[in-house]
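What follows is the residue order along each chain.
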Amino acid sequence: NAGVTQTPKFQVLKTGQSMTLQCAQDMNHEYMSWYRQDPGMGLRLIHYSVGAGITDQGEVPNGYNVSRSTTEDFPLRLLSAAPSQTSVYFCASSYSNRGAKLFFGSGTQLSVL
Amino acid sequence: SQELEQSPQSLIVQEGKNLTINCTSSKTLYGLYWYKQKYGEGLIFLMMLQKGGEEKSHEKITAKLDEKKQQSSLHITASQPSHAGIYLCGADEAGNMLTFGGGTRLMVKP
């Protein structure tokens, strides 16, 4: 089973460049989310979606855009990359926002120079 | 928003020793989740606790949620190098996805 698939695994950008981190899940989960992980700060929620066509902001949404046109895909867009966005990004999905464990992708390590 | 504080932030133990990691919330926990992350990899679900006083075990790892549902502990018995990694607690937040603590980095010395 594929579960949650994230691409790419590694990416280096220059300041000001834009890019999209891809996330796909094959478990028919309604809930999907993006987190960033920085040293000593655990995981912080960027954006999340409770179903196709519905997205909302998390704790640290500035500089990121999301859309959810299908149940399977939840891409994260960096509009104009900044060094402060250097981080490890994780996509996750679950069948519920309550009482359900999250399934995580393997992460994308992003460096912005 | 809910804040989760984990302690200690890092821990180095000798193989075979027991250890405990704590997770304290600023609000009542409706659900508390423990995840483990191996260095450079994604997160693996360990356990979920929902009821005050609940205790769950998996192999040599035991997690408890206190009666007031504001603190959870993760206890590892007879630690092994395979237990090394980052342990994160996560909590349900109403109408939203999980929020996470800062993580505890565990190293087990052979």
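Residues numbered from 1 in each chain as written. Chains lettered and ligands numbered in written order. Predicted model: local features only at pLDDT ≥ 70, side-chain atom pairs only at ≥ 80, totals over all residues. Heavy atoms only, no water.

Looking now at the sheet that holds strand 7 (residues 64–66) of chain A. Residues and elements named next belong to chain A. The four strands lie next to each other as 1-3-8-7, forming an open sheet whose pairing is antiparallel. The outermost strands of the open sheet, each flanked by one partner alone, are strand 1 (4–7) and strand 7. Neighbour-to-neighbour, the strand axes of the sheet open up by a mean angle of 20°, direction not taken into account. (Pairing = 2+ DSSP bridges. Helix = DSSP H or I, 4+ residues; strand = E, 2+ residues; numbered from the N terminus. Axes fitted to C-alpha atoms, helices over the stretch in contact; angles between N-to-C directions.)

For the rest of this paragraph, the subject is a nonpolar patch on the surface. A contiguous nonpolar patch, built from B:I12, B:Y39 and B:M107 and spanning about 320 Å² of accessible area, is present on the exposed surface. Relative to the helices and strands, B:Y39 is located in the loop between strand 4 (32–37) and strand 5 (43–49). (Patch = residues over 30% accessible without salt bridge, like charges linked within 9 Å, V, L, I, M, F, W, Y side chains within 5 Å. Areas by Shrake-Rupley, 256 points an atom, 1.4 Å probe, with all protein chains shown as cover. Salt bridge = Lys/Arg side-chain N within 4 Å of Asp/Glu carboxyl O.)

All right, on to the packing of aromatic side chains then. The tally for this structure, following the rule as stated, stands at eight aromatic pairs over all chains. Between B:Y35 and B:F45 the ring centres are 5.7 Å apart and the planes differ by 75°, which places this aromatic pair in the edge-to-face class. Of this pair, B:Y35 sits in strand 4 while B:F45 sits in strand 5, and the two are ten residues apart along the sequence. By relative accessible area, which is 26% here, B:F45 ends up partly exposed. Each member of the aromatic cluster is reached from another via a ring pair, and the members are A:Y35, A:F90, A:F104, B:Y35, B:F45 and B:F100. (Phe/Tyr/Trp six-rings, centres within 6.5 Å; stacked < 30°, edge-to-face > 60°. Buried < 20%, exposed > 50% of the residue type's maximum accessible area, 1.4 Å probe, protein only.)

In this section: the pattern of salt bridges. Charged atoms that come close allow side chains of opposite charge to pair. Scanning the model with the defined rule gives four salt bridges over all chains in all. Between A:D38 and A:R44 there is a salt bridge, with the nearest N and O atoms lying 2.8 Å from each other. Pair check on accessibility: A:D38 and A:R44 agree, each one buried. A salt bridge links B:E55 to B:K64, with the nearest nitrogen and oxygen atoms 3.9 Å apart. In this structure B:K64 comes out as partly exposed when scored by relative accessible area, which is 42%.

If a strand is regular, its side chains alternate between the two faces of the sheet. All names here are of chain B. Of the two faces of strand 11 (residues 104–109), the one holding T104, L106 and V108 is buried and the one holding R105, M107 and K109 is not buried anywhere. As judged from the five bridges shared by strand 2 (residues 10–14) and strand 11, these two strands associate in the parallel manner. Bridge pairing in strand 11 links V13 to V108. In terms of strand pairing, strand 9 (residues 85–91) meets strand 11 through three bridges, oriented antiparallel. Of the residues in strand 11, the one forming a bridge with G85 is L106.

All names here are of chain B. Along the chain, M107 turns up in strand 11. By relative accessible area, M107 is classed as partly exposed at 45%. Taking C-alpha positions, M107 is 8.9 Å from I86, a pair spaced 21 residues apart along the chain. Sequence-distant contacts of M107, that is, excluding residues within four places in its chain, are made with L11, I12, V13, Y39 and A84. (Contact = heavy atoms within 4.5 Å.)

All names here are of chain A. Within the element layout of this structure, R68 appears in the loop between strand 7 and strand 8 (76–78). An unpaired buried charge is present at R68: no salt bridge exists, and E30, the closest side chain of opposite charge, is 5.3 Å distant. A polar contact of 2.9 Å, which involves the side chain of R68, links it to the backbone oxygen of E30. Side-chain polar atoms of R68 contact the backbone oxygen of T70, separated by 3.2 Å. Here R68 is in contact with Q25, H29, E30, M32, S49, V50, G51, A52, G53, T55, D73 and F74, once residues within four sequence places are set aside. (Lys, Arg positive; Asp, Glu negative; His and termini not counted. Polar contact = N/O pair within 3.5 Å; in protein donor to acceptor, adjacent residues only side chain to side chain.)

Right, let's get into the sheet that holds strand 3 (residues 19–25) of chain B. All names here are of chain B. Spatial ordering of the open sheet is given by 1-3-8-7-6, a layout of five strands whose pairing is antiparallel. Each having just a single partner strand, strand 1 (4–7) and strand 6 (55–58) make up the two edges of the open sheet. Here the strands of the sheet are splayed against their neighbours by 15° on average, with no regard to which way each runs. Where strand 1 meets strand 3, four bridges bridge the pair, whose relative direction is antiparallel. By the bridge assignment for strand 3, Q6 is matched with C23.

Remember that the coordinates give geometry; whether it matters functionally is a separate question.
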